[in-house]
Structures are given as structure tokens and as C-alpha cells.
Amino acid sequence: MGKLYVVGFGPGGYEHMTAKAIDVIRNADVVTGYTTYVNILKEYFPDKHYIATPMMQEVRRCEMAVEEAQKDQTVAMVSSGDSGIYGMAGIIYQVADEKHAGIEIETVPGVTAASAAASVLGAPLMHDFAVISLSDLMTPLDLIMKRVDCAGQGDLIVCLYNPKSKKRTGYVEQAADILMKYRKPETPAGIVRNAGRKGESACITTLAELKDAEIDMFSVVIIGNSQTYMKNGRIITPRGYSL
């Protein structure tokens, strides 16, 4: 029986990959994934056999991974971050079920973008938080903003994935306006670009000033709750301990 691992390899740097992820990739017969992710891994695992597909071919990518595993091979389907958080784990299980594949599947977790970005900013995620993707390719925009509104009502720290693209230029501002119904304009906000990868950069600003910040698809935006504060160039959210 073939074995298909759905591997989260973290932000991209080798130092953020788990020992399990490294072991699985090294021992796989085939490594499949999105072209950008495959190119990242080729630097660290140059001798592997790779099968890559571009963006918007996720289903076909998963079909190929399942097909390779059905040949009694060990396959690593790779995702950046955690494979079970906006990764490929869900669709892999769906495709395998659809094909009645008869293969073993194992999910290998990794460092997700939220925790990678938070480590750069200080300690912004020390209390309850929500991770919300602003991409409306698969989720209606009104539902996305409803989730932002609910997070605002619940005083949750908010971590925004896929915050802005060439076509989606105003969604961050829209989300910020919603959150300002529930928290102060000076609420700390942090933007981390290429978290855990080459070219990493960070910017600390406020909720009101997010509209003027440089943000793109390589960015993660973290917006504090009512207790979050800035100190010595870091964002900190108190957990509630008595000092």
C-alpha cells in the first residue's frame, strides 16, 4: 500500500521545518506541491523527484499525488505553513475518497504563518484569536466580513491571511473599519512580510493607520485586542497573569 504524507514545512526556512517534515521529505519517492513551494524545497532537497503545478491547479495537484501513492510509492504533498491550516490536507482526503484510493494518508503539521509572524512582532497572540483569510476566491466577501465583525464583537485578536492582492486592494481597509466599531483606532497592528523566509520584514502601526501601510499577498497582518499594547518595538497582548 502506498503512503501519502501531507506535509506542512513551515514558513520556508530550513530552521523552521520540523524534524518529522524533514524526515518525510528526505525519504519520499516523490514530492508534489505548488511550484513556488517546490522551488523553496529544491534548495534543501535538490536530489528529490518533484512534481509541481502552478496556482489554481490544486485539485489536479492532489489527484497526481494520490495517483503516485497508488503506485505503491511514498509521496510527500507539501504546503508551506501547516498543511491542515489553509493547506492541502482537506482536499487530499476529499480526492482520495472520491477515487477510492486505498492508500494510507498522514498529516504532518508545521509552523503556520500566524505563529511565525507573531514571533517576529513580539507576543501578540497570547490570548484568544481568529485567523481569517481575506481571499474571496472560495468564500463570499460578505461572509468574510461577517467573520471579521464577529471577531471584533468578541474582542479577539485578528490575524489576516491573504490580505491584499493586485485585484483585492481595499479588503484590509474594510476589515479595519469594521474592527474600529469595537476597538480604539490606536490599537496596535503588525505587518510581517515573508515571515520566516528570505527578505523578512516587519512594520508596527495602528489599526487606524493600516490603510496607509504597505501590504501584499506575502504579508500577514495581526491586529491586537482591547488589551494589546506596544512597548520597545514589540506588540504584547497580556494573558491576564497577576504581576
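Residues numbered from 1 in each chain as written. Predicted model: local features only at pLDDT ≥ 70, side-chain atom pairs only at ≥ 80, totals over all residues. Heavy atoms only, no water.

Q: Got a sec to walk through the nonpolar core? Specific residues and values, please.
A: Counting residues in hydrophobic clusters, the biggest one holds 23 residues, and the most contacted among them are Ile132, Leu160, Leu210 and Ile223. Mapped onto this core, the elements with two or more residues apiece are β7 (129-133), α6 (141-153), β8 (157-161), α7 (171-179), β9 (188-193) and β11 (219-223). If one sorts the elements of this core by residue count, α7 sits on top with 6 residues. Those residues in contact with Ile132 that sit more than four places away from it in its chain are Tyr86, Ile144, Arg147, Val148, Ala151, Val158, Cys159, Leu160 and Tyr161. Formed by 19 residues, the second largest nonpolar core is a distinct cluster that contains Leu4, Ala65, Val66 and Ile103. (Core = buried A, V, L, I, M, F, W, Y, C linked by side-chain atoms within 4.5 Å. Buried < 20%, exposed > 50% of the residue type's maximum accessible area, 1.4 Å probe, protein only. Helix = DSSP H or I, 4+ residues; strand = E, 2+ residues; numbered from the N terminus. Contact = heavy atoms within 4.5 Å.)

Q: Which residues make up the sheet that holds strand β6 (residues 122-123), and what values do they have?
A: If you walk across this open sheet you meet the 3 strands as β6-β13-β12, and the pairing is mixed. Of all the strands in the sheet, the pair left with one neighbour each is β6 and β12 (229-231). (Pairing = 2+ DSSP bridges.)

Q: Before we move on, can you summarise the packing of α6 against α7 with the specific residues and values?
A: The geometry of α6 relative to α7 is characterised by a closest axis approach of 9 Å and an angle of 35° between their N-to-C directions. Crossing of α6 over α7 shows right-handed handedness. Side by side, α6 and α7 meet where Leu141, Met145, Val148, Asp149 and Gly152 of the first sit next to Tyr171, Gln174, Ala175, Ile178 and Leu179 of the second. Split into classes, the residues belonging to the contact of α6 with α7 amount to 7 nonpolar, 2 polar and 1 charged. (Axes fitted to C-alpha atoms, helices over the stretch in contact; angles between N-to-C directions. Left-handed = near helix turned anticlockwise from the far one by under 90°. Nonpolar A, V, L, I, M, F, W, Y, C, P; charged D, E, K, R; others polar.)

Q: Describe helix α1 (residues 19-27), naming the residues involved and giving the relevant values.
A: Among all positions in α1, only Ala21, Ile22, Val24 and Ile25 are buried. Viewed along the axis of α1, the buried residues span an arc of 165°, placing them on a single side of the element. Facing away from the buried surface of α1 by more than 90 degrees, the exposed residues are Ala19, Arg26 and Asn27. The secondary structure elements touched by the buried residues of α1 are β1 (3-8), β2 (30-34), α2 (35-42), β4 (74-79) and β5 (104-108). (Arc of directions from axis to C-beta.)

Q: If you had to explain the sheet that holds β5 to someone new, which residues and values would you point to?
A: Spatially, 5 strands are ordered β3-β2-β4-β1-β5 in an open sheet, and the strand pairing comes out parallel. Here the strands that pair on one side only, and so sit at the sheet edges, are β3 (50-53) and β5. Direction aside, neighbouring strands of the sheet carry axes that sit 20° apart on average. Pairing of β2 with β3, which is carried by 4 bridges, proceeds in the parallel orientation. Following the sheet pairing, Tyr34 is matched in β3 by Thr53. Helix-sheet contacts for helix α4 (residues 89-99) involve β1, β4 and β5, and the interaxial angle to β5 is about 175°.

Q: Would you mind going over the environment of Val108 in detail, with residue names and values included?
A: For Val108, the position within the fold is in strand β5. As for Val108 and Leu141, which are separated by 33 residues in sequence, their C-alpha atoms are 31 Å apart. Setting aside residues up to four positions removed in sequence, Val108 forms contacts with Tyr5, Val6, Val7, Gly8, Lys20, Ala21, Val24 and Ser83.

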